[in-house]
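Coordinate analysis (summary)
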Amino acid sequence: MNSAHPITIPGKLVRRLRTAQRVVVLTGAGISAESGIPTFRDAMTGLWARFRPEELATPEAFQRNPKLVWDWYTWRRKRAEEAEPNAGHRALVDLEARAPEFVLVTQNVDGLHARAGSRRVVELHGNIMRTKCFDCDRLAHDWQQSEEVPPRCVHCGGMLRPDVVWFGEVLPDHAMEEAMRVAGQCEVFLSVGTSTVVEPAASLPFTALRGGACVVEVNPNATPLTLCAEFVLTGSAASVLPQLVAMAFPAAK
Ligand code: OAD
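Our subject in this report is the structure included herewith. (Residues numbered from 1 in each chain as written. Predicted model: local features only at pLDDT ≥ 70, side-chain atom pairs only at ≥ 80, totals over all residues. Heavy atoms only, no water.)

**Comments concerning the packing of helix H6 (residues 87–98) against helix H10 (residues 237–248)**
Across the interface, H6 lies against H10 with an axial gap of 7 Å and an inter-helix angle of 25 degrees. For the element pair H6 / H10, the angle class is roughly parallel. H10 is crossed by H6, and the crossing has left-handed handedness. Contact residues: Ala 87, Gly 88, Ala 91, Leu 92, Asp 94 and Leu 95 in H6; Ala 237, Ala 238, Leu 241, Pro 242 and Val 245 in H10. By residue class, the composition of the contact of H6 with H10 is 9 nonpolar, 1 polar and 1 charged. (Axes fitted to C-alpha atoms, helices over the stretch in contact; angles between N-to-C directions. Helix = DSSP H or I, 4+ residues; strand = E, 2+ residues; numbered from the N terminus. Parallel < 35°, antiparallel > 145°, perpendicular 65-115°, else oblique. Left-handed = near helix turned anticlockwise from the far one by under 90°. Contact = heavy atoms within 4.5 Å. Nonpolar A, V, L, I, M, F, W, Y, C, P; charged D, E, K, R; others polar.)

Rendered as structure tokens:
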């Protein structure tokens, strides 16, 4: 996708966003693609190409081969640490500053929204920068890489793991409740860079639709939401979001 060419953003959408009291944004791996972090389903490049995410991001995979899963997340965490927020992340910071009420719900675990300056962020799938104990669930703040891989919990001796949601695990308490509540009450819902296939996050845009919101999709490709969205902006987040926010709030540079 060549982000040099501005896309056409309907004036009706610009006015809806400019006058909305409550704005909710859902993001997926696509918003971090232009920061160099592969989207979830093509994260399996190079060394990891021979695995499917479902084979690594599960408690069973971790119990079967804790070192392999720990090493994969060490690789992903390093990719996230080396990445920088892009213009799409920054546009959402501008939008948060201008919308009277704003909530950013993300499926991403890379921490880039917070690093860009977003404040009201609901992390549905956890955060790869946080580490916790597989057994006692306590967060591990100052763990060190050690000969033993994965490192051990200082409280109970259990294996440490990333504080992210794995397939088959429940989402963090209250995160989904809050996400569903705000999605059902907002006036404009932007769905950005998600394939809209992984539940329960994939239900959020449809909850917004049922609540009467103006639902907008930002994605270079079609998803199950595309035919239901009121506006579909076919392009990359780093190109579309800055244009949309600048048109809705000209002063927000
Ligand atoms: P996916 O990899 O499933 O989808 C990424 C989406 O981003 C696709 O629809 C792409 O078309 C789109 N995309 C790619 N480049 C883009 C760009 N520059 N700008 C905008 N969109 C772009 O990632 P997610 O939908 O986030 O869950 O995946 C959802 C969940 O599935 C992940 O959170 C993860 C995975 O299982 C867990 O790990 C629990």
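**Quick word on unusual backbone geometry**
The omega torsion across Val 149 and Pro 150 is -5 degrees, close enough to zero to call that bond cis. Along the polypeptide, Pro 150 turns up in the loop between strand E5 (139–140) and strand E6 (160–164). Even without glycine at this site, Asp 137 takes up a positive phi of about 70 degrees. Positionally, Asp 137 belongs in the loop between strand E4 (126–133) and E5. A positive phi angle is found at Thr 196, which is not glycine, with a value near 55 degrees.

**Observations regarding H6**
In an α-helix there are 3.6 residues to a turn, and that puts residues three or four apart on one side. With 12 residues, H6 ought to run about 16 Å at 1.5 Å a step, and its terminal C-alpha atoms sit 17 Å apart, in line with that. Among the residues of H6, those classed as buried are Gly 88, His 89, Ala 91, Leu 92, Val 93, Leu 95 and Glu 96. Residue Asn 86 occupies the N-cap position of H6, its side-chain oxygen lying 2.7 Å from the main-chain nitrogen of Gly 88. (Expected span 1.5 Å × (residues − 1). Buried < 20%, exposed > 50% of the residue type's maximum accessible area, 1.4 Å probe, protein only. Polar contact = N/O pair within 3.5 Å; in protein donor to acceptor, adjacent residues only side chain to side chain.)

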